[in-house]
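Per-entry structural report
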Amino acid sequence: FGAALATIGAFRYACLRPMMRVSCHAFSCPRVGGLEFRQALHSLPNLKIIRLECGADPYVFMPEGKDWCHVGHTITIGKEGAVYNPSLEVKARAYQFDSHRPSKSIMKVGKPGIASCGNGIKGKQGGKNDHRITSYVQALEVLARSTDSWVSTFEGEEGEGIGGCSGEMRYVV
């Protein structure tokens, strides 16, 4: 639960020090709070939360229930709901405030550590291995060696949208 504690700590620090920019990059972060916490966190202009998810990591969708939600922006590495495989192509996608994200029903989680992925793989080895930091490091290394560049825009922001001066765009940094 280190990523959840880091998220809560970054929120508290940003609240106590509004003149400082606070950034939290959390790997494998579960749902942290409810809708009120999410709204409070997203309202802080000096706080940026980036969550990194790998493959079929089942812990990012816990705890279950409608009372819990993710906070911040999400970067997924690999296909969501598919067990990470280093021999396959790795793609990173960014979702702004978790919007435009594929349905979370792709990944169904039963007991902790037991994943049932959309690709028919069941058992402890499937998603639990994707929760290990080594899976995240391997996925990032494969992505670094690939010809694909790192994500620069959020999913679902194709088209004109709202532009700033001189066609300014918002990028993932």
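Starting from 1, residues in each chain are numbered consecutively following that chain's sequence as written. The predicted origin of the model limits local features to residues at a pLDDT of at least 70 and limits the giving and counting of side-chain atom pairs to 80 or more, whereas totals for whole chains, interfaces and linings rest on all residues. In computing side-chain properties, one takes all heavy atoms of the structure into account and sets aside hydrogens as well as water.

1. Side note on the nonpolar core
How we decide: Each nonpolar core is a collection of buried residues, namely Ala, Val, Leu, Ile, Met, Phe, Trp, Tyr and Cys, held together in the definition by side-chain atoms within 4.5 Å. Burial status follows relative accessibility: with a 1.4 Å probe on protein chains alone, a residue under 20% of its type maximum counts as buried, one over 50% as exposed, and anything between as partly exposed. Only DSSP runs of H or I with at least four residues qualify as helices, and only runs of E with at least two residues qualify as strands; both kinds are numbered from the N terminus onward. Note on contacts: a residue pair qualifies if any of its non-hydrogen atoms lie within 4.5 Å across the two residues.
In this structure, A10, F11, F37, L41, L47 and I49 are the most contacted members of the largest nonpolar core, which totals 16 residues. Of all the secondary-structure elements, those providing two or more residues to this core are helix 1 (2-16), strand 1 (22-27), helix 2 (35-42) and strand 2 (47-54). In terms of residue count, the dominant contributor to this core is helix 1 (5 residues). Every residue in contact with F37, bar those within four places of it in the chain, is listed here: I8, F11, V32 and V71.

2. A few points about helix 4 (residues 133-145)
How we decide: The span expected for a helix works out to 1.5 Å for each residue beyond the first. The directions from the helix axis to the C-beta atoms form the arc being described.
With 13 residues, helix 4 should cover 18 Å at 1.5 Å per step; its first-to-last C-alpha distance of 19 Å lies within 8% of that length. Those residues of helix 4 that sit buried are S135, Y136, A139, V142 and L143. Seen from one end, helix 4 has its buried residues packed into an arc of 130°, which puts them on one side. Counted as exposed and oriented over 90 degrees from the buried face of helix 4: I133, A144 and R145.

3. Things to note about the packing of aromatic side chains
Put simply, the rule reads: Here a Phe, Tyr or Trp ring, Trp counted by its six-membered ring, pairs with any other such ring whose centre lies within 6.5 Å, and the pair is stacked when the planes are under 30 degrees apart, edge-to-face when over 60, and tilted otherwise.
One pass over the full model with this rule turns up 2 aromatic pairs. Where F11 meets F37, the ring centres are 5.0 Å apart and the plane angle is 70°; that geometry is what we call edge-to-face. Of this pair, F11 sits in helix 1 while F37 sits in helix 2, placing them 26 residues apart in sequence. As far as burial versus exposure is concerned, F11 and F37 are alike and both buried. Between F27 and Y136, the aromatic rings sit 5.8 Å apart at their centres with planes inclined by 70°, giving edge-to-face as the arrangement. One end of the pair, F27, is in strand 1; the other, Y136, is in helix 4, and 109 residues separate them in sequence. By relative accessible area, which is 1% here, Y136 ends up buried.

4. What about a nonpolar patch on the surface?
Short version of the rule: A patch is a set of surface residues, each over 30% in relative accessible area and not in a salt bridge, joined within 9 Å for like charges and within 5 Å for the nonpolar side chains Val, Leu, Ile, Met, Phe, Trp and Tyr. Using the Shrake-Rupley algorithm and a 1.4 Å probe, accessible areas are obtained, with residue cover drawn only from the displayed protein chains. Take a side-chain nitrogen of Lys or Arg and a carboxyl oxygen of Asp or Glu: if they are within 4 Å of each other, that pair is a salt bridge.
The grouping of F27, I133 and V137 at the surface amounts to a nonpolar patch, some 260 Å² of accessible area in total. Take I133: it is sitting in helix 4.

5. Quick word on the sheet that holds strand 4 (residues 92-95)
The condition is simple: Note on pairing: two strands pair once DSSP finds at least 2 bridges between them. Axis definition: a line fit to C-alpha positions, over the contact stretch in the case of helices; interaxial angles, taken between N-to-C directions, run 0 to 180 degrees.
Ordered by their spatial adjacency, 4 strands build an open sheet running 1-2-3-4, and the pairing between neighbours is mixed. Of all strands in the sheet, those with a lone pairing partner are strand 1 and strand 4, marking the two edges. Across the sheet, the mean angle separating the axes of adjacent strands is 15° when strand polarity is ignored. As defined by bridge partners, strand 3 (residues 73-77) adjoins strand 4 across 4 bridges and the pair is classed as antiparallel. For I77, the partnering residue across the bridge sits in strand 4 and is A92. Contacts from helix 1 reach strand 1 and strand 2 within the one sheet, and its direction differs from that of strand 1 by about 170°.

Remember, this is a structural readout, not a statement about activity or role.
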